[in-house]
Amino acid sequence: MEPSSNSVVIASWVSPTLTMMGVLFALGLTLRFAVPRGRTRPVRARVLLRALLPRRIIASTSGRSDIAWFVFNTFFFTSTFGWAIWSGGWYASKLSIVFDKWFGPGPLFSVPAWVATLVMTSMLFVAYEFAYWLNHSLSHRVGWMWQFHKVHHTAESLTPLTNYRVHPIDTIIFYNMAAACGGLAMVVAMHLFGDATPGYFQYALNTLTFFVSILFVHLQHTHLWISFSGRAGRWLLSPAHHQIHHSVHQHHHDRNFGSTLAIFDRLFGTLHLPTAQREKLRFGVDGIDYDPHSIHGATLLPFVDAARSLSPDRQTRPAEPATQPAN
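Student: When you look at the pattern of salt bridges in this model, what are you seeing that I'm missing?
Tutor: Opposite charge on two side chains permits them to pair, given that their charged atoms come into close proximity. Under the definition given, this model contains four salt bridges. With a closest N to O distance of 3.0 Å, Asp 305 and Lys 150 form a salt bridge. With Asp 305 in helix H15 (residues 301-309) and Lys 150 in helix H9 (residues 143-153), this residue pair connects regions lying 155 residues apart in the sequence. Pair check on accessibility: Asp 305 and Lys 150 agree, each one buried. Between Asp 286 and Arg 282 there is a salt bridge, with the nearest N and O atoms lying 3.1 Å from each other. Overall, the relative accessible area of 27% leaves Asp 286 in the partly exposed class. What you see here is one network of salt bridges that share partners, running through Lys 150, Asp 305 and Arg 308.

Student: I would appreciate a short explanation of a nonpolar patch on the surface in the present structure.
Tutor: A cluster of nonpolar side chains, Ile 67, Val 71 and Phe 75, forms an exposed patch at the surface whose accessible area comes to about 250 Å². Following the sequence through the fold, Val 71 ends up in helix H6 (residues 61-81). Relative accessible area serves as the criterion here: at 44%, Val 71 is assigned to the partly exposed category.

Student: I'm lost on the packing of aromatic side chains in this one. Help?
Tutor: The relative placement of two aromatic rings is captured by the distance of their centres and the angle of their planes. Going through the model one piece at a time under the given rule, you end up with ten aromatic pairs. An angle of 75 degrees between the planes, with centres 5.8 Å apart, marks the rings of Tyr 132 and Phe 174 as edge-to-face. Within this pair, whereas Tyr 132 is found in helix H8 (residues 113-141), its partner Phe 174 is found in helix H10 (residues 168-193), the two being separated by 42 residues in sequence. Taking the relative accessible area as the measure of exposure, Tyr 132 reaches 18% and is therefore buried. Through successive ring pairs, a cluster of aromatic residues spans Tyr 128, Tyr 132, Phe 174 and Tyr 175.

Student: What is the right way to look at unusual backbone geometry in this model?
Tutor: A negative phi angle characterises most non-glycine residues, just as the trans form characterises most peptide bonds. With phi around 60 degrees, Asp 254 is a residue other than glycine that occupies positive phi space. Along the chain, Asp 254 falls in the loop between helix H12 (239-246) and helix H13 (263-267). The exposure class assigned to Asp 254 is partly exposed, which follows from its relative accessible area of 24%. Its identity is not glycine, yet Asn 256 carries a phi of approximately 55 degrees, on the positive side.

Student: I would appreciate a short explanation of the packing of helix H7 (residues 88-103) against H10 in the present structure.
Tutor: Between two packed helices, the angle of one axis relative to the other and the distance separating the axes together describe the packing. Where H7 contacts H10, the two axes come as close as 8 Å, and the packing angle between them is 45 degrees. One finds that H7 runs oblique with respect to H10. Pair H7 / H10 crosses with right-handed handedness. Of the residues in H10, those in contact with Gly 88, Gly 89, Tyr 91, Ala 92, Leu 95, Ser 96, Phe 99, Asp 100 and Phe 103 of H7 are Asn 176, Ala 179, Ala 180, Gly 183, Leu 184, Met 186, Val 187, Val 188, Met 190 and His 191. Counted by class, the contact of H7 with H10 contains twelve nonpolar, six polar and one charged residues.

Student: Can you walk me through helix H11 (residues 207-215) in this structure?
Tutor: Since one α-helical turn is 3.6 residues long, residues separated by three or four positions face the same way. For H11, the set of buried residues is Thr 207, Thr 209, Phe 210, Ser 213 and Ile 214. Two or three places before Leu 208, at the start of H11, stands the capping residue Asn 206, its side-chain oxygen 3.0 Å from that residue's backbone nitrogen.

Student: I would appreciate a short explanation of the nonpolar core in the present structure.
Tutor: Nonpolar side chains in soluble globular proteins tend to end up buried together. Counting 15 residues, the largest nonpolar core has Ala 92, Met 120, Leu 124, Met 186 and Met 190 as the members making the most contacts within it. When contributions to this core are tallied by element, the ones reaching two or more residues are H7, H8 and H10. Of the residues forming this core, the biggest block, eight residues, is contributed by H10. Residue contacts for Ala 92: discarding those within four places in its chain leaves Gly 183, Met 186, Val 187 and Met 190. In terms of nonpolar packing, the next biggest core, distinct from the first, is built from six residues, Leu 158, Trp 225, Ile 244 and Leu 281 among them.

What counts, and where the lines are drawn
Residues numbered from 1 in each chain as written. Predicted model: local features only at pLDDT ≥ 70, side-chain atom pairs only at ≥ 80, totals over all residues. Heavy atoms only, no water. Salt bridge = Lys/Arg side-chain N within 4 Å of Asp/Glu carboxyl O. Helix = DSSP H or I, 4+ residues; strand = E, 2+ residues; numbered from the N terminus. Buried < 20%, exposed > 50% of the residue type's maximum accessible area, 1.4 Å probe, protein only. Patch = residues over 30% accessible without salt bridge, like charges linked within 9 Å, V, L, I, M, F, W, Y side chains within 5 Å. Areas by Shrake-Rupley, 256 points an atom, 1.4 Å probe, with all protein chains shown as cover. Phe/Tyr/Trp six-rings, centres within 6.5 Å; stacked < 30°, edge-to-face > 60°. Axes fitted to C-alpha atoms, helices over the stretch in contact; angles between N-to-C directions. Parallel < 35°, antiparallel > 145°, perpendicular 65-115°, else oblique. Left-handed = near helix turned anticlockwise from the far one by under 90°. Contact = heavy atoms within 4.5 Å. Nonpolar A, V, L, I, M, F, W, Y, C, P; charged D, E, K, R; others polar. Polar contact = N/O pair within 3.5 Å; in protein donor to acceptor, adjacent residues only side chain to side chain. Core = buried A, V, L, I, M, F, W, Y, C linked by side-chain atoms within 4.5 Å.

This is the structure we're talking about:
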């Protein structure tokens, strides 16, 4: 299940392409929510642009910082350094030895190739979603991980570009956790249906993850209140779910950790449903004694904070909920 060398080369260019496609689609889709309901008169392009990208957000210190993170993570870090230390295929090769010892050699079932391929694709997608939930949850509960993850939460306003406001250490930890979960999904599927079980891929990325990233994930940080409430909100995480997840209010802490699916938040009791009407929220991280939007404040000082969080006297202190809003 290791991608070919050509696939790896292509995948290194997927991030900028996928990013631009996702951001443009997200901006286009939000047009539906930017235009007031019931309006019959044509809307000028300038008015739409102000609704989609308000100057008060883009011109703010937080907004300019989002733009810088977008450029850095899209065109430099992710395409250059954003790999997993061990790939999903590497984990699968090691875990397959354990599975063969415990359950005997596979395959356990004989099914048509299209069934095996569909199951593999679905399992990899669910594994990615679980890895996202698990990594996100740990990033809020483990002190030193929070120090890197809080860079994302220092955004005081949300736009699609906030999706790229992520510290490199936070990214590397997630990529490797996703590879481990993906490797486990691979070996389970291959043990069930055979070593030749493929999956549907686009540019070395799982097809479901690829299209969900374009159609859905880039909307997570829109400033518009796009809410899935009721039954839909118990299965899918809307942008309003994620706005709650960024809220500094105490009753929103440690809620809505997932990416697209709400099932893991439901299973582990971390789901908070948004209301149909916009809630009044405030974003950011309280209690930071330096400028979190500066270059050194966003990139270097998290290392200092992480080292401090590992000191014995620091670990005995109670948590500071005002500085750890739930994602």
